Every structure is written in structure tokens, then in C-alpha cells.
Amino acid sequence: MYTNALTKFYGPVTALAGLTMSVPHGEIFGFLGPNGAGKTTAVKLLLGLARATSGVARVLGASPDNLDMRRRIGYLPELFRYQDWLSAREVLALHCALAGVARARRRDAIGDSLALVGLAARSGDRVGSFSKGMQQRLGLAVALVAEPEVVFLDEPTSALDPVGRHDVREVLRSLKARGATVFLNSHMLSEVEQVCDRVAVVDRGRVVALGTLAELIGGPKRVRIGLESVTAGFVAAAARFGDVEQADGSSIVVSGVVAGKIPDAVAALIAAGARIISVAPESQTLEDRFLSILRKPDDADSDLR
Amino acid sequence: MPILIFANLAIAELVRRRVIAAVAVLTAACIALTGWAFSKLHQYALAHAATITRGDEAMANSMQVILLAHMFGMVLAVGAAFLAAPAIASDVESGVALAILPRPVRRVDLLLGKFLGLAAVTIGFVFLTGGVEFAVVHAVTGYSPPHPIEALSYISAGAVVLLALALAGSTRFSPIAVGIVAVALYGVSWIGQVADAVAAAYHNGAIRTACTIISLLIPSGGMWRGAIYNLEPAMLAAVSAQVSVNPITVTSPPTQAYLIWTAAWVVAVLAGAVAAFKRRDV
């Protein structure tokens, strides 16, 4: 799927300001951003639920209104409700019928989907009796029941307990294993970090960072090296690999060390006569990176776009 | 076919939410009560056969059937408006539409499917309850209205007009606003027919023109007029024609041109609804 300069105004409010990105087939793509960043709007434009003010959106190479394309996608909305007077099985039967799943396959498809999300035992219960978490599980089953090639999941774990979140991650991995593309809208950073191949960070309706997790969080690291003693020579040796932030009697803290150069820094210190007690690289998490991106001035991260 | 799926879904919802059961119980009670009242009046007429002729009784029965049709038509209009008013709006507000519309369905399928489902239930209700009521009246009094099928068809058409109107409003406005506006417009259209009869008696061209415009804009009143005309026996029509101002009875049916206009009106309103719904962000 791809978007080009996709823009959406709601009256005077800019929901999306020229979103440009692409997601190749078979990728789990994380779409991150703070509340109101435009994540859900982007999904709605891709699915034809809302009309773009300008720009282009394509899914499986087709426009959002293309019915053939829609047969090949699944969607779990963020704020949704199913007909509370239907049972879980009936909701899935409805969506099988709407998605054009062959009649002969519907029974198995429904059973498999309910089992996948752990609702097999409640399949005959009315949706109105379901907890929010169970409704979200049902929503996931609905999104997957027609075996879509592309799955849009908008905050799929927001109402789930830790077990449910783990289950969703497993589902995402199984989708990737069968070659499906997943567009994961989330602000659950740990979840994104665990399953996504690539990530886009959106803020105020535009992409402010885009890349693989390694590209986003695999940048220069900070390392704390514990020594028996610290001399000026050791500090000078460490400074060849980054900025020495701190040097006291027992440790040197170097920041901005290029990934992969930490062993070289340790070797240089040993060569200078230092006796190393510990080496502690401080990894950057996606959350650290996310916060640093969003707190940057508007034009400071253009290299990541 | 998605349109039939949505039609079935609309009907199933009315069944599951016990709307049909509640209306059926209430209607059955109403029919039983009116049947009892008709039988009492019939017994009274038989007991006073010296002063109340069969013709007098038939005239009284026909007027009571017409008054019942008034009540029935009004309840049906309110019902149709409040069935259709949330049909699209509540799906959009609740998030049901978010799950359905990304499927390979067109918005016109959802809208027309709902319309077909609600119209099927409404028309079925009109013919079933109307037929039972007429049968009960015939059983206890021997009286039957002259053209029951035509009368029920006109009542159904009036309800379909309101369904289309409320469904169109539902694509843009909240259910409560649409319901109130649709019922209010039904009232305006009905009173327009009454005012037209009064204006005709007083030869007031301006009021008649205004009433004609109203009946063109909201044709539910015209359909009511057709229903009443087909419930009037010739004897009652003859008496009505002698009375200079009689806003309750009708002396002529809607013209064929008006019927064509009404059908075109329903199509146009639904087309407008589809266009509005297509443009709506959900």
C-alpha cells in the first residue's frame, strides 16, 4: 500500500498533512504517534471510510473504493461496536457473507477465527454480554475471518490483558508467516517493538520518522566502562570513540559511540593499560526514540523521513 | 447480494430487539378491544332495530373504521419515522458502520438494504393487522370497507414515504432530530389535506395552492387521502358530498399523476440519501 501527499482537513482542523509512505507486501508495519496525530484518519482514508481532501491512497495497488481490493483486506477499528443483538458466531457469519467467503468454507473459517482469539467457548453468546476485551478479541476474529492479504489493526490491544496482548502478538507473527501484510496502528510501543519490521512515526498529520527498528533505535549508543582506575590517558583513549560525559575514579561514560565500535573502544583502553571491570552499553528503547523524535523541533529530523 | 443481507439484518434486528413482538402484542390488544367495541355497538343496533336501520349501522361502522384508520395511520407514521431515523445515524455513531463499510459493499447497498427491510416489515404489518382488523369488524358486524386492499396499499405507501424521508435524514443528522422532524412533517402533510378540504369549501385559492405545494413536498398526506377514500362506502361519500365543509372524509382519490409523483418522490429522496451518505466520513 502507499500514500502520496495524502491530506485530510476536517473543517479548519488538519488531520493529515501530506502523508507519504509505502508498505511492501508481507511486512508488519507499525504506525506510531501521539493521540490526535492522524493515525486513525490515515487508516480511514486508506479504507474509503473518509474521503481525502487531496493526495493519493492505494491498497493492494487499488483505490480505497475498489470492491475487489476490499475482499482482500481485514480491519479492526479502534472505536467500534458490533451488533450487540447478534452472537459472536452470527457476527462472523455476517462478515463472511459480506466479504464473499464461499459458503462451503464459512463454517470452518468462523470456527478457526473464534479459536484463534480464544472465543470458541462463547461463540453462541450475544455480543452485548461481552466485556470490552472480549469484543476486541471478536474484532480481531472479524478482521481475520476472510483470510485477508492486508490487515489493518487500529489499537488492537488497548482493551486486552497481558495474556491477550501476548496472544495478539502471536497472531501477528502467524500473519507474517503466511505472508500477510499488517498495518498496525498503535501507541503501545513495546508491542510495536516486538513485532514490527518497519515503523513510521506520525505527528500532527505527517510522518516525522520512518525506518526499520534498527534504523530508528540502532544509532549511537551510550556506554559506561568500569575500570580499576581512571587516568588522563584512558580518558583520551575513550574520547576517540565518542564524547566523554563523565570520568571519575572508577568509570568513564562515553556517549555517541557508533554501534559496533564498543569492542574497539574497550580494546583501545586495554592497549592503553587499563584494567576493565565492566562494560555496560545503554541501549535506546523505541520509547526513548519516540519521545526524542516528538520533542525535536519540526525540521530537525528530516534525515529520517 | 449485500443489499439482501442488509435487508435481512434490518428485519432480524427488529425481531431480536423484540420490536415486532411488542408491536404485535399491542396491536392484538387493540384489535381485540375494537372488536369488542364493534360487537357491543352491533348488539345495541340489533336491540334497537326499530330506530337504527342496517344502513345507519353500516354508516356508523364505516365512520368508525375510518377513524381507526386515522389512528392506525398516525401510529404507523410515528413508527416508520422512528424505525428509519436511527437506521444509518446510529450505525455511524456507534461504530457498527466502521466494521461493515470496509467490506466489499457499496454504501448504496447498506442504505437500500435497510430501506427494503424496514419497508417489508412495515408493509407486512399494515396488511396483516389491517386485514385482521377488517376481518374482525366483518365477523362481528357484517360490515366490510369497500376497497380494503387499495386502502391498505395507500396506508403502506404513506408509511414508505416517511421511511424514505427519515432514512434520508438519518444519513446526515442524529436519530432524535430526524424522528421529530419526520413526524412533524407528517403532521404538516396531514393537516395540509384537511386545510385543503376547508379551503375548497370556502373557495380560497391561496390556501389551496399552499396545500398543493405541501402535498407535493411531503406526499404522505396524499396517501392518507387515498386510504380514506377507499374506506368510504358510496353512501358515506354521497352524504359527505352534501356537506359544505367536511375535512375528515374525502370526495376524490389522488390522481394518477400524483401517484407517479409520489413514486418519483420516494426514488428521488432515496437517491439524495445515497448521494449524502456516499460523501459522509464515518
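Calculation rules
- Residues numbered from 1 in each chain as written.
- Chains lettered and ligands numbered in written order.
- Predicted model: local features only at pLDDT ≥ 70, side-chain atom pairs only at ≥ 80, totals over all residues.
- pLDDT = per-residue confidence, 0-100.
- Contact = placed C-beta atoms within 7 Å.
- Pairing = 2+ DSSP bridges.
- Helix = DSSP H or I, 4+ residues; strand = E, 2+ residues; numbered from the N terminus.
- Axes fitted to C-alpha atoms, helices over the stretch in contact; angles between N-to-C directions.
- Parallel < 35°, antiparallel > 145°, perpendicular 65-115°, else oblique.
- Left-handed = near helix turned anticlockwise from the far one by under 90°.
- Nonpolar A, V, L, I, M, F, W, Y, C, P; charged D, E, K, R; others polar.
- Domains from an automatic or database assignment.
- Buried ≥ 20, exposed ≤ 12 C-beta atoms within 10 Å, placed from the backbone.
- Arc of directions from axis to C-beta.

Novice: Honestly, the confidence of the model for chain A in this entry has me stumped. Any pointers?
Specialist: Residues shown with low pLDDT carry predicted positions that ought not to be read at fine detail. The share of residues in chain A with pLDDT of 70 or more is 95%, and the mean pLDDT across the chain is 89. Across residues 299-305 of chain A the pLDDT falls below 50, and counting only partners more than four positions away or on other chains, this stretch makes 9 contacts in the model.

Novice: How do you make sense of the sheet that holds strand β5 (residues 73-76) of chain A when you look at a structure like this?
Specialist: Two orientations exist for strands paired in a sheet by backbone hydrogen bonds: parallel and antiparallel. Residue and element names in this part refer to chain A. Pairing is mixed across the open sheet formed by 6 strands, whose spatial order is β5-β6-β7-β3-β8-β9. Of all the strands in the sheet, the pair left with one neighbour each is β5 and β9 (206-212). Along the sheet, successive strands turn relative to each other by an average axial angle of 15 degrees, direction set aside. Pairing analysis gives 4 bridges linking strand β3 (residues 28-32) to strand β8 (residues 198-203), with the strands arranged parallel.

Novice: Is there a simple way to think about the packing of helix α3 (residues 54-84) of chain B against helix α10 (residues 220-231) of chain B in this case?
Specialist: Two numbers describe a pair of packed helices, the interaxial angle and the distance between the axes. All names here are of chain B. At their nearest, the axes of α3 and α10 sit 10 Å apart, and the two run at 155 degrees to each other. Judged by the inter-axis angle, α3 sits roughly antiparallel to α10. For the pair α3 and α10, the crossing hand works out as right-handed. On α10, the residues touching Val-65, Ile-66, Ala-69, Gly-73 and Ala-77 of α3 are Ser-220, Trp-224, Ala-227, Ile-228 and Leu-231. Each residue belonging to the contact of α3 with α10 can be placed in one class, and the counts come to 8 nonpolar, 2 polar and no charged.

Novice: For this particular structure, what's the right way to read the domain arrangement of chain A?
Specialist: Size of an interface, as often reported, equals the accessible area lost when the parts are brought together. In terms of domains, chain A is made up of domain 1 (2-214) and domain 2 (219-282). Domain 1 of chain A and domain 2 of chain A are separated by 46 Å when their C-alpha centres are compared.

Novice: Just to check I follow, could you spell out helix α9 (residues 232-239) of chain A for this structure?
Specialist: Along an α-helix, a turn takes 3.6 residues, which lines up residues three or four apart on a common side. All names here are of chain A. For α9, the set of buried residues is Phe-234, Ala-237 and Ala-238. The buried residues of α9 occupy one face: seen down the axis, they fall within an arc of 95 degrees. Residues Ala-232, Gly-233 and Ala-236 are exposed on α9 and point more than 90 degrees away from its buried face. Lining the buried residues of α9 we find β10 (221-227), β11 (243-247), β12 (251-257) and α10 (262-271).

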